[in-house]
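Chain by chain, the residues:
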Amino acid sequence: MRKKTTFFFIALTVLSMVFTGANLVKADEVDPFADVVPFIFGTGSSPPGFDPLAVYDSTSGDILMQHTEGLFSFNYSDPALGLEPRLAVDMGTWNDAGTEWTIEIRKDVLFHDGTAMKASDVKWNWDRLNTLSADDLCDHASLWFNDEAELILNRTEEIDDYTIKFVLNKAWKDFELLQSFWGCYIIKPQTDKEDDLIGGDELDLIVGTGPFVLDEYVAGEKTVFVANNDYYRGAPDIQKLIFQIYASGTAYNNAFLAKEAHVIPYVYFDNWAAVSADINLDYYLRTLPVCFFYHLNVHNIDWPVRKAMQYAYNYPYLIASVWDNVYLEHHTPVPAGMIGYNPDLEGLPYYNITLAREYLINDETYGYGDAIDALVTAGTLNISDDDSWKALAASDPLATHNFTHYGTGLQYQLIDNMEYCGISVVDNVVGDWGTFLHSNLEDLEIVMGGWGPDYFHPINQIEPLFGTQASANYNGLNDTAIDALMGQAHTLTGAALETKIDEIVTAIIVEEAAAMYYTQRRRAIGWVSEVVSNVNDLFNGNGDPYFYNVEFALSDPPATGIPGFTMISLALSAVGTAAFLFLRKRK
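Reference entry: report on the structure contained in this document.

### What to know about the overall build of the protein
Reasoning step 1: From N to C terminus, the protein includes 17 helices and 19 strands.
Reasoning step 2: Among the 587 residues that make up the protein, the fraction classed as buried is 49%.
Reasoning step 3: Restricting the contact set of the protein to residue pairs at least 6 apart, pairs at least 24 apart contribute 69%.

### Structural notes on the pattern of salt bridges
Reasoning step 1: This structure, assessed with the given rule, holds 19 salt bridges.
Reasoning step 2: Between D51 and R128 there is a salt bridge whose closest N-O contact spans 2.5 Å. Of the two residues, D51 is situated in the loop between β1 (39–43) and α2 (58–67) and R128 in helix α3 (residues 119–134); the sequence distance between them amounts to 77 residues. Neither residue differs from the other here; D51 and R128 are each classed as buried.
Reasoning step 3: In this structure, K500 engages E503 in a salt bridge whose closest nitrogen and oxygen atoms are separated by 3.3 Å. Of this pair, K500 and E503 both sit in helix α16 (residues 494–511), three residues apart, which is roughly one turn of that helix.
Reasoning step 4: Judged by relative accessible area, which is 37%, E503 ranks as partly exposed.

### Regarding the nonpolar core
Reasoning step 1: Ranked by internal contacts, the top residues of the largest apolar core, which has 80 residues, are Y294, Y518 and F547.
Reasoning step 2: Not counting residues within four places of it along the chain, the set of residues in contact with F547 comprises F39, F41, Q66, F212, I238, L241, F243, V263 and L538.
Reasoning step 3: A119, F175, F466 and L477 belong to the second largest nonpolar core, which has 79 residues in total.

### Focus on the sheet that holds strand β7 (residues 163–168)
Reasoning step 1: Taken in spatial order, the four strands line up as β4-β5-β7-β6 in an open sheet, and their pairing is antiparallel. Bordering the open sheet on either side are β4 (93–94) and β6 (153–160), each of which pairs with just one other strand.
Reasoning step 2: Pairing of β6 with β7 involves six bridges; the strand directions are antiparallel. For L153, the partnering residue across the bridge sits in β7 and is L168.
Reasoning step 3: Contacts between α3 and the sheet are confined to β6 and β7, with β6 contributing the most and set at about 170° to the helix.

### Notes on the side chain of Q190
Reasoning step 1: Checked against the element boundaries, Q190 lands in the loop between α4 (174–178) and β8 (212–218).
Reasoning step 2: Its relative accessible area of 15% is what places Q190 among the buried residues.
Reasoning step 3: A distance of 3.3 Å separates the side chain of Q190 from the backbone oxygen of L205, its partner in a polar contact.
Reasoning step 4: Setting aside residues no more than four positions away along its own chain, Q190 makes contact with W124 and L205.

### Some words on helix α10 (residues 368–377)
Reasoning step 1: Buried residues of α10: Y368, G369, I372 and L375, and no others. One side of α10 holds all its buried residues, which, seen down the axis, span an arc of 125°. Of the exposed residues in α10, those oriented more than 90 degrees away from the buried face are D370 and T377.
Reasoning step 2: In this structure, the buried side of α10 is in contact with α7 (303–312), α9 (353–361), α11 (386–395) and β14 (399–405).
Reasoning step 3: Just downstream of α10 lies G379, where phi reads positive at about 80°.

Conventions and cut-offs
- Residues numbered from 1 in each chain as written.
- Predicted model: local features only at pLDDT ≥ 70, side-chain atom pairs only at ≥ 80, totals over all residues.
- Heavy atoms only, no water.
- Helix = DSSP H or I, 4+ residues; strand = E, 2+ residues; numbered from the N terminus.
- Buried < 20%, exposed > 50% of the residue type's maximum accessible area, 1.4 Å probe, protein only.
- Contact = heavy atoms within 4.5 Å.
- Salt bridge = Lys/Arg side-chain N within 4 Å of Asp/Glu carboxyl O.
- Core = buried A, V, L, I, M, F, W, Y, C linked by side-chain atoms within 4.5 Å.
- Pairing = 2+ DSSP bridges.
- Axes fitted to C-alpha atoms, helices over the stretch in contact; angles between N-to-C directions.
- Polar contact = N/O pair within 3.5 Å; in protein donor to acceptor, adjacent residues only side chain to side chain.
- Arc of directions from axis to C-beta.

Structure below.
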């Protein structure tokens, strides 16, 4: 009988241990965030990639700032968006020449796989950025060159495990501000990617240090993050964050009104009343540093025509009819709220059809003045009659130019407004952004553009659009004197920088008429106030959706500890083991 009892307890112990082991494996495989209520951020676009060096679009930037970090970051609580340390201990020390920057790195930072971040990791990232920029493989390579077409950064030096030194090829004030750009954020080094980009299907190679961990991406549907509860600044309140991709802005607005999306970046004006009437919803109107304009190609459009276009465009009508006076009328590359913004700069264009016509009537260089005199003498054109100018544009225009775009809806007003100066604009829709990017610059005449800063500095609003080697230069401006002015702006601060920006804007907009700016974006961000709070960081002037400090009432920490069925198994195992040992002792 005792042998049978002993055998029974041995069997119970073995089975319990096997069952326990199986359950422990099963418990390890269970997603601890599976039952966590997700926080939904509604967006309308998919990221083209996740490697900080392989992308140069706002959607990717919005994603990167959740799970990766740089040595420094914007202070989102500061209206001026000042720079503050993030992975760095402090702002570091520059040498007197402004060419060497020594920075101490925090000792408490872990990558999301649990490994410590050290100076060698920072060095790997910056060496990789330099290599891929030099080979023109980095999507934002143009940002990392100075005015002498050499890399800003000469080299990095690892002083010790937690100290890094940047050595520049020449003093470059913007290098500090560039640290806020997500394109230089730190990821865990991958040995076979020192001189190559990480593909969109290699998500597991993007390991950051940020408050959220990149967990999953479903193309065209969502990007999923979970909380980094070991984050060195403290765990975020949001435990599961989903960037939900909706088919359109209307779709995510509807989801927000139904409280299915907890935050959206753009509450349509038509929905403001509904949001105001719902005590559980709220919105905040932000002025964003995104400016919209038309490139006027300086090679394909004569100067008098470019000047006439600048003054013939009915800016107030556009703001009122298209954007319900929410957007701001704006005529300079530098947005309101940024150093160098000067709406009172002499010569900036505004709507004045009389002045627009005078640029053509008084022209003595390109023949427009003589042509208009002949038309007036022949009785074909009455200078003071709007219909007479429109008839001229329809029958025998003074100039004809194409408007190349990928579907904006603004072509109708542009066509109409230019007719009041006898100018014909031909609508040239190229289909989509990809097709547009492959347009031949020589064929472009009028091109719509919009630009927001990669880092909060006025030269970053100007140089990428008007520099000779600029990737988004569709105006054809190729002026070494203006390039030199822009190079000088990189070395200045304060009042000297403001004066230099005035000089640059005067050269580009007033004298060359290489563009006409018409608006600065204002958009209302919306949130479900019933469950979402502490949203002030989302009001930042750069429009960045930084969610670390946002609080979510429905967010509970993921389940921790040992599941119930495993506890039962452990208990059975313990009972069996104790009984077995007791019987052995009695023997």
